[in-house]
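These are the residues of each chain, in order.
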Amino acid sequence: MTPPRVSHSRFPQAVAYVDDAARAGEEGRLVRTYLGRTCPPSGHPLDAALLEGPPADIPTTDPRHARARGRFTRNFVVQGSTADWALLLLGALRQSLAPLKAELVFFQHDEVIVHCPADEADQVATAIQQAGNLAGTLTFGPTPTNFAFTVAAVKSYADAK
C-alpha cells in the first residue's frame, strides 16, 4: 500500500476527491460515483447495515456515526465508480464477442473469464484490452491511463493465473 504522504503528492486530485467524499458523508450529504449513482442518504434504513463501526442504536448525531459514514462514502465513490467502469467494460466486451464463438463466462472484481476456441484466443485478448480502454474513456473521458489486463489463454479455468 502506498503511504498517505506519497499518495497526496503523487495523486493530489484523487486524494482530494475521496477526502471530499468522506467529508460530505460525515456531514450527512449525498455523494455520487463518477457517473452519478448516489449513495443512500444519511438516516436511510440501510445506514445500520452499510456503516461499519457504531452499533445501530447509536444516534446519527453521535460523532462515531459521522466518522463511520465518512469511511463509507470515501469507499463508495471509489468502489462505485469502479463498478460503473466494469459495467461499461462488460457491455463493450459482449458487443465485441458477438460475432465470435467466444462466450463471456465470469466477471468478478478484476477477472474476466471468456470461453473460446483456441483460434479465437488472440482476438479475445485484444477485445478485452480494447473494452477496458473504451470503458475508461466512456467513464472518465480522455486520459493517458491504460486499463491494462494480463491475459492467460489456458485449456482449463484452474490453470488461469
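Caption draft 1: Spatial organisation of the overall build of the chain. What the chain contains, in helices and strands, is five helices and two strands. The helix and strand sequence of the chain, counted from the amino end, reads α-α-α-α-β-β-α. Pairs at least 24 apart in sequence give 47% of the contacts found in the chain among residues at least 6 apart.

Caption draft 2: The arrangement of the side chain of Asp 84 in detail. Relative to the elements of secondary structure, Asp 84 occurs in helix α4 (residues 63–97). A relative accessible area of 7% means that Asp 84 is categorised as buried. For Asp 84, the residues in contact, after removing those within four places along its chain, are Thr 33, Tyr 34, Leu 35 and Arg 37.

Caption draft 3: View of the pairing of strand β1 (residues 103–108). Two strands pair when backbone bridges link them, and β1 and strand β2 (residues 111–115) are joined in this way by five bridges, in the antiparallel orientation. In the strand pairing of β2, Phe 107 is matched with Val 112. Two successive antiparallel strands, β1 and β2, enclose a turn made up of two residues, where His 109 displays a positive phi of approximately 55°.

Caption draft 4: Focus on the nonpolar core. Counting residues in hydrophobic clusters, the biggest one holds 17 residues, and the most contacted among them are Trp 85, Leu 89, Leu 93, Leu 97, Ala 102, Val 114 and Val 124. Residue contributions to this core peak at seven residues, all from α4. Look past the residues within four positions of Trp 85 in its chain and what remains in contact with it is Gly 132, Ala 135, Gly 136, Thr 139, Phe 140, Phe 147 and Phe 149. Grouped together as the second largest cluster of nonpolar side chains are eight residues, Val 18, Ala 24, Cys 39 and Val 77 included.

Caption draft 5: Spatial organisation of α4. In this model, α4 (35 residues) spans 50 Å end to end at C-alpha, consistent with the 51 Å of a helix rising 1.5 Å per residue. Taking the largest bend as the criterion, α4 deviates by roughly 25°, centred on Phe 76.

Caption draft 6: Structural detail: the confidence of the model for the chain. Mean pLDDT over the chain: 86, with 88% of residues reaching 70 or higher. By mean pLDDT, the top-scoring element of the chain is helix α5 (residues 121–140) (93), and the lowest-scoring one is helix α3 (residues 47–50) (64).

Caption draft 7: Looking closely at the packing of aromatic side chains. Counted by the stated rule, this structure contains six aromatic pairs. Geometrically, the ring pair formed by Trp 85 and Phe 149 is stacked, given 6.3 Å between the ring centres and 15° between the ring planes. Here the residue Trp 85 occupies a position in helix α4, and Phe 149 occupies one in the segment after α5, the gap between them amounting to 64 residues. Since its relative accessible area comes to 11%, Trp 85 is described here as buried. Relative accessible area serves as the criterion here: at 21%, Phe 149 is assigned to the partly exposed category. Members of the aromatic cluster, each reached through a chain of ring pairs, are Tyr 17, Tyr 34, Trp 85, Phe 140, Phe 147 and Phe 149.

Caption draft 8: A look at the pattern of salt bridges. Per the counting criterion, the structure on display carries four salt bridges. A salt bridge links Asp 20 to Arg 23, with the shortest nitrogen-to-oxygen separation between them at 2.6 Å. Of the two residues, Asp 20 and Arg 23 both sit in helix α2 (residues 12–26), three residues apart, roughly one turn of that helix. A relative accessible area of 42% places Arg 23 in the partly exposed class. Here Arg 37 and Asp 84 are joined by a salt bridge, their closest N and O atoms 2.7 Å apart. Taken together, the residues Arg 37 in the loop between α2 and α3 and Asp 84 in helix α4 connect sequence positions 47 residues apart. Note on Arg 37: relative accessible area 39%, which makes it partly exposed.

Calculation criteria
Residues numbered from 1 in each chain as written. Predicted model: local features only at pLDDT ≥ 70, side-chain atom pairs only at ≥ 80, totals over all residues. Heavy atoms only, no water. Helix = DSSP H or I, 4+ residues; strand = E, 2+ residues; numbered from the N terminus. Contact = heavy atoms within 4.5 Å. Buried < 20%, exposed > 50% of the residue type's maximum accessible area, 1.4 Å probe, protein only. Pairing = 2+ DSSP bridges. Core = buried A, V, L, I, M, F, W, Y, C linked by side-chain atoms within 4.5 Å. Expected span 1.5 Å × (residues − 1). Bend = angle between axes of the 7 residues up to and from the residue. pLDDT = per-residue confidence, 0-100. Phe/Tyr/Trp six-rings, centres within 6.5 Å; stacked < 30°, edge-to-face > 60°. Salt bridge = Lys/Arg side-chain N within 4 Å of Asp/Glu carboxyl O.

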